[in-house]
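# Overview (structure and organization)
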Amino acid sequence: MIWQQLQSLVGSYPLALRGLGVTVVLSLISLVLGTLLGFGLGILRTGGNRLISAAIGAWVDLIRGTPFLVQIFLIFFILPEFGIELDAFTAGIIALTNLAACFICEIVVAGIRSVPTGQVEAALASGLSRWQRMRQVVLPQAMRIVLPPLVGQYVLLIKDSSVVSAIGLTDLTRVGWLVVQRVPNGLLVFFLVGLGYFIVCYPLIMLARRLERRMGAAHGEVQL
Amino acid sequence: MTASPSKNGTGMIEFRGVNKWFGALNVLRDITLSVEPREVVVVCGPSGSGKSTLIRCINGLETIRDGDLVVDGQRLGDPATNMTRLRTEIGFVFQSFNLYPHRTALENVTLAPIHVRKIPRNEAEQAGRELLAKVGLADKVHAYPAQLSGGQQQRVAIARCLGMRPKIMLFDEPTSALDPEMISEVLDVMVAVAEEGMTMMVVTHEMGFARKVAQRVVFMDAGAIVESGTPEEFFSQPKTDRSRAFLSKILRH
C-alpha cells in the first residue's frame, strides 16, 4: 500500500514542480519589489518629514498587527467590490510585496538610526546633498546592521507565501492539498511539502548566519 | 551684493546680535563678531560656554533664533542662500574626527570633490594623494580609519576638508579627543593651513597654537563673548575675572 502511494506521488511530480515554481517565482518577485519598496519607505520614514513618517509608521503597524491571511483575503475578495479585478497571482504578489516592504522598512529604519549622528554631520558639512548623504555615507554603514535580519526576513516571507494557497493559487502548499486527496497519506505528503520549503530556505538561513558573523568581524567595510 | 568685504564692513564671517536657545537655555547671547578673510580666531572658554555651538552655527549644523549671521556674503536662513552650496566653502573638523569608517583615507578625501564638485575621479585622487602627503600620511592612503591612530585620523579629516578647497575652516576642539603625544602632529598641520592664509575659527585650549597663529582670541562664558583681544593681551593681561579664573585653571598644568 505504501508502495502504491509512493508510485502515485512520483507520478504527481510535475504538479509538485509547478507548485514549487509558483512558490519560488511568487517569493522572488515579492521579495525584490518588497526590498525596493521597503528601502524606499525606510528612507522616507527617517527623512524628517513628520507627516510622511507618521503615515508610513501607521501603515507598517497596521500590516504588522493583522494576520497575513486576512490581508490577502481583503485584497482578493474586497478589492473587486470596488471594481478592481485581480487574478490570484497578482493579488498574491501585492499582498506579499506589501508585507515584505513593511517588515523590511522597520529593518532599514533600525539600520539608518544605528549610524552615528557625526557621520551625517560630516557628510552635511562637506556639502553632500540629502540623497548623496544617504547613498554614500549612511546606507553603506547601515547595511552592516540591515543585512543579517534582512536575509532572515526573506526566509520568513518565503514561508508566509504558503498563505496564498488560500486564494486558490497553486503553490507548493496547495499542491500538497491536491495531492493528499489522491494519496491519503498526509504525513508523507506534507513532509515532502515541508522539505520543498526547507530546500529553498536553508541556503538563505546559512547566508544569514554567515553575514552575521562577517558583519560582527568587519570594521565598517561592506561589499554588496 | 559686493564681493569685497571691506566696502560695507562685512567680514568673511559676520555675527550681528545673534541669539540661540536650547529650550529655555540661552546658549548664544547677543553675539557680535566679525572675522576677516585670512584671519585666524581662537575661541576658548569653559565647557558649556557655547563655543562649539558658535562655530556650528556658521555652517548651519545649528540654526540661530535671531540676529544676523552672514558667511562669505550670504545671510544664513535667507531663502536665497543655498546652504548646501555654502557648506562646500566651509571645512569643518570635528572633535571626534567623524571619518567615514567604510572608506579608505583617500576615499574619505575624494568623496565630496567627486560627488559635490564633480571633479573627475583620477584628478580628485591625484589631489587627494597630494593632500594626504601634505598632512604626512602618504603611506596611509589606502588605510581604513580603524587602522589609523587618533592623530592620523584627525589629519585625514583635515585633508578631507582641504580637498574641497574651502574659503573657511572651522575646528571644533580638534585635539581634545587625542592622546597627548598625538596633539602636536595635528597642531602642526593646522599651523601650516593657517600660514597658507586660510580664514579659520578654532575652538581650542591649545594656547601654544593660539600664540603662534591666531590674530585674535575670543573668550566665551555662559553663551556670551566676554573678552576678545590679541593672544598676547589675552594671555598676559586678561581683563575680566572670569577669563582670569579660566586661564588660571588651564595654565596650571
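Model, not experiment: these values are computed from the prediction.

## Looking at the packing of helix α4 (residues 121-134) of chain B against helix α5 (residues 150-162) of chain B
Residues and elements named next belong to chain B. The geometry of α4 relative to α5 is characterised by a closest axis approach of 9 Å and an angle of 135 degrees between their N-to-C directions. Between α4 and α5, the angle falls in the class oblique. In this structure, the crossing between α4 and α5 has a hand that is right-handed. Counted together, Leu131, Leu132 and Lys134 of α4 and Val156, Ala159 and Leu162 of α5 form the full contact between these two elements. Across the contact of α4 with α5, the residue classes break down as five nonpolar, no polar and one charged.

## Focus on α5 of chain B
Between its first and last C-alpha, α5 of chain B extends 18 Å over 13 residues, near the 18 Å set by a 1.5 Å rise per residue. Within α5 of chain B, 13 of the 13 residues are buried, which leaves it mostly tucked inside the rest of the structure.

## Some details on the packing of helix α2 (residues 13-45) of chain A against helix α7 (residues 130-160) of chain A
Residues and elements named next belong to chain A. Two numbers describe how α2 lies on α7: the axes approach to 11 Å, and their chain directions differ by 140 degrees. When the axes of α2 and α7 are compared, the pair comes out oblique. Between α2 and α7 lies a crossing of right-handed hand. Residues Ser27, Leu31, Thr35, Phe39 and Ile43 of α2 touch α7, and the partners they reach there are Trp131, Met134, Leu139, Met143, Val146, Leu150, Tyr154, Leu157 and Ile158. Of the residues that constitute the contact of α2 with α7, the class distribution is 12 nonpolar, two polar and no charged.

## A closer look at the UniProt feature "domain: ABC transmembrane type-1" (unreviewed entry) in chain A
According to UniProt, the feature "domain: ABC transmembrane type-1" (unreviewed entry) maps to residues 20-208 of chain A in the numbering used here. Secondary structure content for residues 20-208 of chain A is 81% helix and 0% strand, while the C-alpha to C-alpha distance between its ends is 22 Å.

## Thoughts on the pattern of salt bridges
Residues and elements named next belong to chain B. By the definition in use, this model includes 15 salt bridges over all chains. Lysine 20 serves as the salt-bridge partner of glutamate 62, at 3.8 Å between the closest nitrogen and oxygen. Of this pair, glutamate 62 sits in the loop between α1 (51-58) and β4 (66-71) while lysine 20 sits in strand β1 (residues 13-22); the two residues are 42 residues apart in sequence, bridging distant segments of the chain. Its relative accessible area of 5% is what places lysine 20 among the buried residues. One salt bridge in this structure joins glutamate 173 and lysine 51, with 3.8 Å as the shortest N-O distance. Separated by 122 residues along the polypeptide, glutamate 173 in the loop between β7 (168-172) and α6 (180-195) and lysine 51 in helix α1 bring together distant segments of the chain. The class for glutamate 173 is buried, based on a relative accessible area of 17%.

## Some remarks on helix α9 (residues 241-251) of chain B
Residues and elements named next belong to chain B. Here α9 has its buried residues at Ser243, Phe246 and Leu247. In a view along the axis of α9, the buried residues occupy a sector of 95 degrees, so they form one face of it. For α9, the exposed residues set more than 90 degrees away from the buried face come down to Asp241 and Lys249. Buried residues along α9 sit in contact with β3 (40-44), β9 (216-221), β10 (224-229) and α8 (231-236).

## Thoughts on the interface of chain B and chain A
Residue-level contacts link 25 residues of chain B with 18 residues of chain A. Roughly 1,800 Å² is buried in total at the junction of chain B and chain A, and carbon and sulfur atoms are behind 58% of that figure. When the buried surface of chain B facing chain A is broken down by residue, Arg87, Tyr100 and His102 of chain B rank first, second and third, together holding 28% of it. At the surface where chain B touches chain A, the tally comes to one salt bridge. A salt bridge links glutamate 121 of chain A to arginine 56 of chain B, with the shortest nitrogen-to-oxygen separation between them at 2.6 Å.

## Some words on the sheet that holds strand β5 (residues 74-75) of chain B
Spatially, four strands are ordered β2-β1-β4-β5 (chain B) in an open sheet, and the strand pairing comes out antiparallel. The open sheet terminates on both sides in strands that have one partner only, identified here as β2 (25-35) and β5 of chain B.

## A look at the sheet that holds β7 of chain B
Strand pairing in a sheet relies on backbone hydrogen bonds, with the paired strands running either antiparallel or parallel. Residue and element names in this part refer to chain B. Read across the open sheet, the six strands follow the order β6-β7-β8-β3-β9-β10; overall the sheet is mixed. Each edge of the open sheet is held by one strand with a lone partner, namely β6 (90-93) and β10. Recorded for the sheet is a direction-independent mean angle of 15 degrees between the axes of neighbouring strands. The pairing of β6 with β7 spans four bridges and is classified as parallel. Following the sheet pairing, phenylalanine 92 is matched in β7 by leucine 170. Strands β6 and β7 of the sheet are contacted by α5, whose axis makes an angle of about 170 degrees with β6.

The rules behind the values
Residues numbered from 1 in each chain as written. Chains lettered and ligands numbered in written order. Predicted model: local features only at pLDDT ≥ 70, side-chain atom pairs only at ≥ 80, totals over all residues. Heavy atoms only, no water. Axes fitted to C-alpha atoms, helices over the stretch in contact; angles between N-to-C directions. Helix = DSSP H or I, 4+ residues; strand = E, 2+ residues; numbered from the N terminus. Parallel < 35°, antiparallel > 145°, perpendicular 65-115°, else oblique. Left-handed = near helix turned anticlockwise from the far one by under 90°. Contact = heavy atoms within 4.5 Å. Nonpolar A, V, L, I, M, F, W, Y, C, P; charged D, E, K, R; others polar. Expected span 1.5 Å × (residues − 1). Buried < 20%, exposed > 50% of the residue type's maximum accessible area, 1.4 Å probe, protein only. UniProt positions renumbered as here; feature names shortened; annotations may be inferred. Salt bridge = Lys/Arg side-chain N within 4 Å of Asp/Glu carboxyl O. Arc of directions from axis to C-beta. Buried area = accessible area lost by both parts, 1.4 Å probe. Pairing = 2+ DSSP bridges.

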